Amino acid sequence: MKPRTPVYITIAIILVILFIMYFMFIQNISFLSSPYFWFTVVIAAILAMIQHAIGDLIENDKFKSLSDTEKAEYLQSKQTPYFKSLFESAFKKQPAGDEKDLLIDHGFDGIMELDNQLPRWWLGLFYFGVAYCIIYMLSYWLTDFANPIKEYDAEYKAQTASIAEYVKNTPPPTIENAEYSPDNIAAGEEVFKTNCVSCHGEGGRGGIGPNLTDNAWINQPEKTLFKNVFHMVENGSPNNPAMQAWGKNGVLTGFDIQNVAAYVYHINQEQNPITPAEGGAAPQGTVANWEK
Ligand code: HEC
């Protein structure tokens, strides 16, 4: 007869398992302050103590049927503290006598196979893993828990909603409040490539539309370069319908115009002009003196 695991160890293990289970479903530790969690803990602890008490009764019964030496041996083994005996049993070698009983009737090259019992902790972990797997699979297939497609959907919806909310609460820039920002150049380049490159050429070198990299401008309705570009894209050219009113026609939003104006400002002010010798269109209009 072997001494049994103390009840506080069983309760501690149950506590850890409950913690893992709750954490798995709730995904944060807020349940620690929930009465449901502590209710399950108390119920589980009571069940563990009942189980232990029943174990005590069975143990008493068995003890009576032991011989005197076995009784003495058992009482002796009960003296060793639980963790000490656990440690010792982990490193204990099988006595040769026990091995004879476990021997399976085949071997090879002097190596014999023993039919040892699996350690209890190993079996416990195994059954826990099986139970965990079943619960996980059932909740995966039958509930919304841990389903990547549903999680993705929910996140996607939340994000589109927050973008819509942002756009609704942030009116698009107008010529009055639009500002140049280097952060908008890359986005502006995309707008340019999609809508403008067919007429204004690669990098704004010019073609059907004028060269946007030099300092000669046909239309100069505004005092600063950035506002001038915004104005032209918003309203189009009064002289040439080929340059349509992208903003007024509703093709581009205020955000797009602010971005593309930053791009045109960038290629005009922060890069060297593409001269006719380099494949740029010849300057058109008059030299501009932009205010800063
Ligand atoms: C269908 C051809 C075409 C497209 C597409 C086009 N433009 Fe133009 N753009 C022109 C023409 C032609 C002019 C010259 C208008 C004039 O003579 O007044 C012009 C003029 C301009 C001017 C003023 C230049 C100056 O010297 O006065 C700017 C700035 C400009 N376009 C920017 C853009 C931007 C930004 C886009 C893209 C959103 C774009 N354009 C798309 C043909 C086009």
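Everything numeric in this text was worked out from a predicted model, so none of it was measured.

A. Broad picture of the overall build of the chain. The helix and strand tally for the chain stands at eleven helices and four strands. Its C-alpha atoms give the chain a radius of gyration of 40 Å, more than 25% over the compact-globule value 19 Å for 292 residues. Reported as C-alpha extents along the three principal axes, the dimensions of the chain are approximately 120 × 55 × 35 Å. Of all 292 residues assigned to the chain, the portion counted as buried reaches 26%. Taking contacts inside the chain between residues at least 6 apart in sequence as the whole, the part at least 24 apart equals 61%. Carbon together with sulfur atoms contributes 62% to the accessible area of the chain, which is approximately 20,600 Å² in total. Of the side-chain charges in the chain, 20 are positive and 32 negative, and the distance between the mean point of each set is 9 Å.

B. Looking closely at the coordination of the iron atom of the ligand. Within the protein, His 200 (NE2) and Met 243 (SD) serve as the donor atoms for the iron atom of the ligand, at 2.0 to 2.2 Å. Taken together, the six donor atoms surrounding the iron atom of the ligand define angles of 85 to 178 degrees at the centre, an arrangement classified as octahedral. You can see His 200 sitting in helix 9 (residues 197-200) and its partner Met 243 sitting in the loop between helix 10 (225-235) and helix 11 (254-269), a full 43 residues away along the chain. The exposure class assigned to His 200 is buried, which follows from its relative accessible area of 10%.

C. Seen up close, the pattern of salt bridges. All told, the structure shown has five salt bridges when counted by the stated rule. With its nearest N and O atoms 3.5 Å apart, the salt bridge here joins Arg 4 to Glu 59. Here Arg 4, found in the segment before helix 1 (7-26), pairs with Glu 59, found in helix 2 (residues 35-64); they are 55 residues apart in sequence, far enough to count as distant. Exposure remark for Glu 59: the relative accessible area of 10% places this residue in the buried category. In this structure, a network of salt bridges that share partners links the residues Arg 4, Asp 56, Glu 59 and Lys 78.

D. How the structure looks around the confidence of the model for the chain. Taken as a whole, the chain shows an average pLDDT of 90; of its residues, 100% reach a score of 70 or greater. Of all secondary-structure elements in the chain, the lowest mean pLDDT belongs to helix 5 (residues 96-102), at 75, while helix 8 (residues 185-195) reaches the highest, 97.

What counts as what
Residues numbered from 1 in each chain as written. Predicted model: local features only at pLDDT ≥ 70, side-chain atom pairs only at ≥ 80, totals over all residues. Heavy atoms only, no water. Helix = DSSP H or I, 4+ residues; strand = E, 2+ residues; numbered from the N terminus. Rg over C-alpha atoms; globule rule 2.2 N^0.38 Å. Buried < 20%, exposed > 50% of the residue type's maximum accessible area, 1.4 Å probe, protein only. Contact = heavy atoms within 4.5 Å. Areas by Shrake-Rupley, 256 points an atom, 1.4 Å probe, with all protein chains shown as cover. Lys, Arg positive; Asp, Glu negative; His and termini not counted. Charge placed at Lys NZ, Arg CZ, Asp CG, Glu CD. Donors = N, O, S within 2.8 Å, 3.2 Å for Na, K, Ca; no water. Tetrahedral: all angles 85-135°; square planar, octahedral: opposite > 155°, others 65-115°. Salt bridge = Lys/Arg side-chain N within 4 Å of Asp/Glu carboxyl O. pLDDT = per-residue confidence, 0-100.

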